[in-house]
Every structure is written in C-alpha cells, then in structure tokens.
Amino acid sequence: MSDAQTIPPKMTTEAMETFLEREFPQVFGAGKLYHVETVGHRFARMRCRYDARQLRPGGTISGPTMMTLADTGLYVAILASIGPVALAVTTNLNINFLKKPAQRDLIAECRLMKLGKRLAVGEVSIWSDGEAEELVAHATGTYSIPPER
C-alpha cells in the first residue's frame, strides 16, 4: 500500500476550497472555474469547469487555462500534504500539450513524486471529462516550500 493510501491528508477537500477562496478570491471567488474534487496525501484531483471564454481561435481550450489547472492542482496536492502554507511558490512548470481538448470540463490528477522540506516535485495528467484514456496535456512542476511551516 502506498503512502498516498495510508497517510491521511493534512487538509480535507472542504478545508482546501475554503482556504483557496480566502487566499485567492480573484480566482476562487464567485463564478470560479477551478474546483478541488478530492485531495489525499501527495495527491489532488481538480476540475476546470468549461466556459466558452477559455477558447482560443480554432476552438481549443487555451494553454493558459490548462497551465493554471496544472499549477493549481500541484499547489493543492502540496498543501494537502503539508497543511495550509500560502507562501509555497512555483519555481518551475513545464507542460506538454498532447491533443486538442474537447469543449467540456477538464480533469487533472496531480501526484507528488518528491516532497521534501524545501522542494516538492510533481506531475499532472489532464484530460477532457469522459475521456480519461486520452490525455490532452501532461505537466511537471517544482515548488519551493518556505522553511517554517
């Protein structure tokens, strides 16, 4: 059994949503598009609600929408594992766009590969809702964790 299955998260899904709404009202306030579906130790599952404003020419969901979903998902996975540390920051984010996403919600599963005292490294798989077998993007990210938690 893996750590993600045996170690409980430090924050529940509901506590995470409340934290994000308080700390990032510009993204998680009224009319928010990004939602925490579930959290676990070293894990988060996120949803980006489809909105036509996310489309770029050609009818695809924009890269910045997917990058925000990946970045937010990794941040949530980290906080679920260490607790509410608002000043954990992204130091690197790489994304590969693999397929044109469908015009529907996007789902992201985020897993931490490394969780140290000062750095966390994770990966994100993103797909269109209902099409989990076909990734639309894959991202990796590194985050700096402040020394005092």
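A quick note: this is a predicted structure, and the numbers were derived from the prediction, not measured. (Residues numbered from 1 in each chain as written. Predicted model: local features only at pLDDT ≥ 70, side-chain atom pairs only at ≥ 80, totals over all residues. Heavy atoms only, no water.)

### Concerning helix α4 (residues 63–82)
Then step 1. With 20 residues, α4 extends 29 Å from end C-alpha to end C-alpha; this agrees with the ideal 28 Å at 1.5 Å per step.
Then step 2. In terms of residue burial, α4 counts as a mostly covered element, since 16 of its 20 residues are buried.
Then step 3. Among the residues trailing α4, Gly83 stands out with phi positive, at a value near 100°. (Helix = DSSP H or I, 4+ residues; strand = E, 2+ residues; numbered from the N terminus. Expected span 1.5 Å × (residues − 1). Buried < 20%, exposed > 50% of the residue type's maximum accessible area, 1.4 Å probe, protein only.)

### Structural notes on helix α2 (residues 13–23)
Then step 1. Taken residue by residue, α2 has Thr13, Met16, Glu17, Phe19 and Leu20 as its buried positions. Seen end-on, α2 carries its buried residues on one side only, within an arc spanning 160°. Counted as exposed and oriented over 90 degrees from the buried face of α2: Glu14 and Arg22.
Then step 2. Where α2 is buried, its residues contact α3 (25–28), β1 (34–40) and α4. (Arc of directions from axis to C-beta. Contact = heavy atoms within 4.5 Å.)

### Some remarks on the side chain of Glu17
Then step 1. Within the secondary structure, Glu17 sits in helix α2.
Then step 2. Under the relative-accessibility criterion, Glu17 is labelled buried at 13%.
Then step 3. Contacts of Glu17, omitting those with residues within four sequence positions, involve Lys32, His35 and Val36.

### Considerations on the sheet that holds strand β5 (residues 89–97)
Then step 1. The strand order across the open sheet formed by six strands is β1-β2-β6-β7-β8-β5, and the pairing between neighbours is antiparallel. Looking at the sheet topology across the chains shown, the edges are occupied by β1 and β5. Going from strand to strand, the sheet's axes swing by 20° on average, the running direction of each strand aside.
Then step 2. The sheet contact formed by β1 and strand β2 (residues 43–48) spans six bridges and is antiparallel. In the strand pairing of β2, Gly40 is matched with Phe43.
Then step 3. Sitting on the sheet, α4 is in contact with β1, β2, β5, β6 (106–115), β7 (119–128) and β8 (135–144), with an inclination near 45° to β6. (Pairing = 2+ DSSP bridges. Axes fitted to C-alpha atoms, helices over the stretch in contact; angles between N-to-C directions.)

### A word on the nonpolar core
Soluble globular proteins: nonpolar side chains tend toward being buried together.
Then step 1. The biggest cluster of nonpolar side chains holds 39 residues, and the ones touching the most others in it are Met16, Leu20, Leu69, Val76, Leu106, Val124 and Ile126.
Then step 2. With eleven residues, α4 is the largest single contributor of residues to this core. (Core = buried A, V, L, I, M, F, W, Y, C linked by side-chain atoms within 4.5 Å.)

### Section: the packing of aromatic side chains
Then step 1. Applying the stated criterion across every chain, the model contains one aromatic pair.
Then step 2. Taken together, a centroid distance of 5.8 Å and an interplanar angle of 85° make the contact between Phe24 and Tyr75 edge-to-face. Taken as a pair, Phe24 in the loop between α2 and α3 and Tyr75 in helix α4 lie far apart in primary sequence, 51 residues in all.
Then step 3. Overall, the relative accessible area of 26% leaves Phe24 in the partly exposed class.
Then step 4. On the basis of relative accessible area, Tyr75 is assigned to the buried category, the value being 8%. (Phe/Tyr/Trp six-rings, centres within 6.5 Å; stacked < 30°, edge-to-face > 60°.)

### A short note on unusual backbone geometry
Then step 1. The backbone of Arg42 sits at a positive phi, close to 65°, despite the residue not being glycine.
Then step 2. Tracing the backbone through its elements, the reader meets Arg42 in the loop between β1 and β2.

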